[in-house]
Amino acid sequence: MNKAILSGNEAIARGAFEAGVRLASAYPGTPSTEILENITRYPEIDSSWAPNEKVALEVAIGASFGGARSLAAMKHVGLNVAADPLFTLSYIGVRGGLVLVVADDPEMHSSQDEQDSRHYARFSKVPMLEPADSEEARAFTRLAFEISEKFDTPVLLRSNTRISHGKSIVSLEEPVTGLPEPCLERNPEKLVMLPGNARKRHPLVEQRIVDLEEWACTQPFNRIDEGTSDVGVITSGISYQYAREILPEASVLKLGMVYPLPKNLIRSFAKRFKTLYVIEELDPFIEEQVKAMGIAVQGKEIFPICGELTPGRVKTALTGEEAPVAHPVEEALPARPPAMCPGCSHRGLFHILKRLGAFVTGDIGCYTLAALPPLSAMDSCVCMGAGISNASGLNRVVPAAEKSKVVGVMGDSTFLHTGVNSLMDMVYNRVPATIVILDNSATAMTGRQDNPATGYTLDGGETTTVDIETLCRALGVKDLQVVDPYDLPATREALEGAMGRDEPSVVITRRICMLERRGGAERRPPLIVDPEKCTGCKACLKIGCPAIEWTSEEGGKGKAVVNKLLCVGCGVCEQVCTFDAFGVSHDE
């Protein structure tokens, strides 16, 4: 059997291939993004980016209705968007197996909350598997399709940041064979969820959970690692690795299926131990169910409910001692706060919005970094699409004198994700707020993936490009301007005009992401600073460009210096400087 070292995301992609998946759809979101990017290595699978997670799941559902195995992938907050079809699909069931992969982000490395997606399994009455390493990520993906078809149900596969991005050894198996060919098959009583049909399906869903619970008690993915002490541990996923490291002599009940729980197996395991722990990240999902069974366990009263678990945190919770650091660092590392890239097309826009005193309702994307110093130019950020909706609601309630200050911002990918409906609502209700769509031709924050406005599909093929300007006009926007955000005077003029109008207004800032993969971004010669003209006023530092550095002079205030290795010549600093200190080097 061949072996490879794969990340969890790569292993899930491999598992989908081995399971005979015909179609995979997703919206990029850390830490799940690389699943679809790796599925493109398998031409047998029709893989594509969707405008949002709801659409991704619905596309996968359609393929399932045709008898094909299909997969949808998303991060935890994306599951909120896809919840509507998921809950109804639980009643409908499947024809071809369907697996929804959700990747949680404990510690919020790249997310706005620490949502525990295990609750969705219980809420929607859908089974959930949780792998503990890359090999299980592959094997559980393959197994999930078998469970899906055996029990006529969609299956949730839960990953998290450590599983998705950590690497371990994976056994590569041959793809399954003999799967039925997709075809049309009418079955409206099962597929059309009118109330009369749904009432018939609900008892089947409840019985399915009972059957799954009983079946799971005898399956090898729920297993006991026997130990030599009188301590027992119930755990799952990445927490299993920490439990084995810190409590090597304990007996461990490792749950591969976290919903429904194998209650009879848990009861027989629990009665053997005087001390029983439940070790799990985030919510006491397993703990509460075990306690409801009348079993005494220790869980969140000692283990943290916020953030990731680590071997150190588990050891501290159990003993009060700190775990040894493998490679201690004697000197503190300098802080490296996230920042927009040199030449980012968003930088100048937010500099102007701050100068105009705008109250900016933000959204999810690279531009969210504008909330941080030194720009400090974003006042709210809730979720995908909320930048426009929040601006609409805020504008409708603040005093008339403050209405013009409300500006909603959103990137091109986010606009197509959920912003279109938000703008439709704003225009329909005649709300005179100003909206800025930052069109950099990429889903940049997650790695510059394509979206319907870039003109390219997941496999790099050319396709129809959504014209955002025409789309806005189709929604009823009459006051619409397109500007180059590198041109600060033009951008300011457009914003001032839009913010002064008593009607819905849209400004599109259009400039390709500097890191765009196809090389379409314009790079200009780097700038230099004339030390004779620089007064040390530090105005240029307020735009937060990493290419601008500061040198301290003995007895003086210091001067700005441009790092030529970083500078892309966007010219924003040159326009901000009122002393004409920035210019192009004659050596370039």
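Up top you'll find the structure we're talking about.
Just so you know, the residues in each chain are numbered from 1, in the order the chain's sequence is written. Local features in this predicted model are restricted to residues whose pLDDT is 70 or higher, and side-chain atom pairs enter the listing and the counts only when it is 80 or higher, whereas totals over whole chains, interfaces and linings include all residues. In computing side-chain values, all of the structure's heavy atoms are included and hydrogens and water are not.

Undergrad: Could you give me a rundown of the packing of aromatic side chains, with the residues and numbers involved?
TA: Ring pairs shown here join Phe, Tyr and Trp side chains whose ring centres sit within 6.5 Å, with only the six-membered ring taken for Trp; geometry is labelled stacked below 30 degrees between planes, edge-to-face above 60, and tilted in between. On inspection of all chains with the given rule, the structure shows seven aromatic pairs. Put simply, the rings of Phe-87, Tyr-120 and Phe-123 pair up and form one aromatic cluster. Any Lys NZ or Arg CZ that is within 6 Å of a ring centre and within 35 degrees of that ring's normal is treated as a charge sitting over the ring. Across the ring face of Tyr-240, the terminal group of Lys-254 is positioned such that the distance to the ring centre comes to 5.6 Å.

Undergrad: With reference to specific residues and values, describe the environment of Ala-4.
TA: Summarising the element assignment, Ala-4 is placed in strand β1 (residues 2-7). A sequence separation of 523 residues divides Ala-4 from Leu-527, and the C-alpha atoms of the two residues are 46 Å apart. Helix numbering and strand numbering both begin at the N terminus, where a helix is a DSSP run of H or I of at least 4 residues and a strand a DSSP run of E of at least 2.

Undergrad: Could you give me a rundown of the environment of Gly-357, with the residues and numbers involved?
TA: Positionally, Gly-357 belongs in the loop between α14 (347-355) and β14 (359-361). Taking the C-alpha atoms as reference points, Gly-357 and Phe-269, separated by 88 residues in sequence, lie 62 Å from one another.

Undergrad: Explain the packing of α14 against helix α18 (residues 488-499) residue by residue, including any values.
TA: Here α14 crosses α18 at 50 degrees, and the two axes come no closer than 10 Å. Considering the angle they form, α14 stands oblique to α18. Along this stretch, α14 crosses α18, giving a crossing that reads as right-handed. Between α14 and α18, the residues in contact are Gly-348, Leu-349, Ile-352, Leu-353 and Arg-355 and Leu-488, Thr-491, Arg-492 and Leu-495, respectively. Ten residue types, Ala, Val, Leu, Ile, Met, Phe, Trp, Tyr, Cys and Pro, are classed as nonpolar, four, Asp, Glu, Lys and Arg, as charged, and the remainder, Gly among them, as polar. Looking at the contact of α14 with α18 residue by residue, the class counts come to five nonpolar, two polar and two charged. Note on geometry: axes are lines fitted to C-alpha atoms, helical ones only across the stretch in contact, with angles between N-to-C directions running from 0 to 180 degrees. The scheme is simple: roughly parallel for angles under 35 degrees, roughly antiparallel for over 145, roughly perpendicular for 65 to 115, oblique for anything else. By definition, any crossing whose near helix is turned counterclockwise from its far helix by less than a right angle is left-handed, and any crossing with a clockwise turn is right-handed. We call two residues contacting when some pair of their heavy atoms lies within 4.5 Å.

Undergrad: Break down the sheet that holds strand β11 (residues 251-255) for me, with residues and values.
TA: What links the strands of a sheet is backbone hydrogen bonding, and the strands pair in either a parallel or an antiparallel sense. A sheet is described by the order of its strands in space; here four strands give the open sequence β9-β11-β10-β13, paired in mixed fashion. Of all the strands in the sheet, just β9 (223-225) and β13 (275-279) have a single pairing partner and so form its edges. If you compare each strand with its neighbour and ignore which way they point, the axes differ by 20 degrees on average. Being paired, for any two strands, means DSSP has found at least two bridges between them. Of the strand pairs in this sheet, strand β10 (residues 231-236) and β11 are connected by five bridges, and their pairing is parallel. Each residue of the ladder has a partner; that of Ile-234, found in β11, is Leu-253.

Undergrad: I'd like a rundown of helix α12 (residues 285-292), residues and numbers included.
TA: Within the sequence span of α12, burial applies to Phe-285, Ile-286, Glu-287, Gln-289 and Val-290. Among the structural elements, α5 (118-124), β10, β11, β12 (257-259), α11 (263-270) and β13 are those in contact with the buried residues of α12. Looking one or two residues beyond α12, the residue adopting positive phi is Gly-294, at roughly 85 degrees. For each residue, the accessible area found with a 1.4 Å probe, counting protein chains only, is set against the maximum for its type, and the residue is called buried under 20%, exposed over 50%, and partly exposed in between.

Undergrad: Got a sec to walk through the packing of helix α10 (residues 237-246) against helix α13 (residues 311-319)? Specific residues and values, please.
TA: At their nearest, the axes of α10 and α13 sit 9 Å apart, and the two run at 55 degrees to each other. Judged by the angle between their axes, α10 and α13 are oblique. Here the hand of the crossing between α10 and α13 comes out right-handed. Across the interface between the two elements, Tyr-242, Glu-245 and Ile-246 of α10 pack against Pro-311, Val-314, Lys-315 and Leu-318 of α13. Classifying every residue of the contact of α10 with α13 gives five nonpolar, no polar and two charged.

Undergrad: With reference to specific residues and values, describe the state of the cysteines.
TA: Pairs of cysteine sulfur atoms within 2.5 Å are identified as disulfides in what follows. Going through the model one piece at a time under the given rule, you end up with zero disulfides. Not part of a disulfide, Cys-383 finds its nearest cysteine sulfur in Cys-381, a span of 8.2 Å.

Undergrad: Tell me about the pairing of strand β17 (residues 479-483), residues and numbers included.
TA: Examined bridge by bridge, β17 and strand β18 (residues 505-510) share five bridges and lie parallel to one another. In the strand pairing of β18, Val-483 is matched with Thr-509. Handedness of the crossover is the feature at issue here: the chain leaves β17, passes through α18, returns alongside β18, and the resulting connection is right-handed. Viewed with both strands pointing away, a crossover whose connecting path from the first strand over the helix to the second turns clockwise is right-handed.

Undergrad: Can you explain the sheet that holds strand β7 (residues 155-160)? Please cite residues and give values.
TA: Spatial strand order, β3-β2-β4-β5-β7-β6-β12: seven strands in an open sheet with mixed pairing. Lying at the two open borders of the sheet, with one neighbouring strand each, are β3 (46-49) and β12. Running at roughly 140 degrees to strand β4 (residues 70-75), helix α4 (residues 76-92) makes contact with β4, β5 (98-104) and β7 of the sheet.

Undergrad: How would you sum up the pattern of salt bridges? Please name residues and give values.
TA: Between side chains of opposite charge, a pair can form as their charged atoms come close. By salt bridge we mean one thing: a side-chain nitrogen of Lys or Arg within 4 Å of a carboxyl oxygen of Asp or Glu. Using the criterion set out here, one finds 37 salt bridges in the structure. The partner of Asp-479 in a salt bridge is Arg-501, with the nearest N and O atoms 3.5 Å apart. Of the two residues, Asp-479 sits in strand β17 while Arg-501 sits in the loop between α18 and β18, which places them 22 residues apart along the sequence. Classification of Asp-479 as buried rests on a relative accessible area of 8%.

Undergrad: With reference to specific residues and values, describe the nonpolar core.
TA: In this structure, Phe-350, Val-409, Phe-415, Leu-423 and Phe-582 are the most contacted members of the largest nonpolar core, which totals 71 residues. Per element, the largest residue contribution to this core is six residues, and it comes from helix α16 (residues 412-428). Aside from chain neighbours lying at most four places away, what touches Phe-582 is Leu-527, Ile-528, Val-529, Cys-540, Ile-548, Ala-560, Val-562, Cys-573, Glu-574 and Cys-577. Ala-60, Ala-72, Val-102 and Val-258 belong to the second largest nonpolar core, which has 41 residues in total. The term nonpolar core refers to a set of buried residues drawn from Ala, Val, Leu, Ile, Met, Phe, Trp, Tyr and Cys, joined through side-chain atoms within 4.5 Å.

Undergrad: Before we move on, can you summarise the layout of surface pockets with the specific residues and values?
TA: If a probe the size of a water molecule is rolled over the atoms, the empty space left behind becomes visible. As a volume, the largest pocket reaches approximately 740 Å³. For the lining of the largest pocket, the secondary-structure elements that each account for two or more residues are α4 and α16. Grouping the constituent residues of the lining of the largest pocket by class yields 16 nonpolar, 18 polar and four charged. We place a 1 Å grid over just the protein atoms. Points where a 1.4 Å probe fits but has no way out form a cavity, open points with protein on both sides within 12 Å along at least 5 of 7 lines form a pocket, and any residue with an atom within 4 Å of a point lines it. Grid points are joined across faces, edges and corners, and a volume is the space filled by probe spheres set on the points. Counted as a void, the second largest pocket has a volume near 310 Å³. Lining the second largest pocket are 21 residues; nearest its centre among them are Gly-20, Arg-22, Arg-69, Leu-179 and Pro-180.

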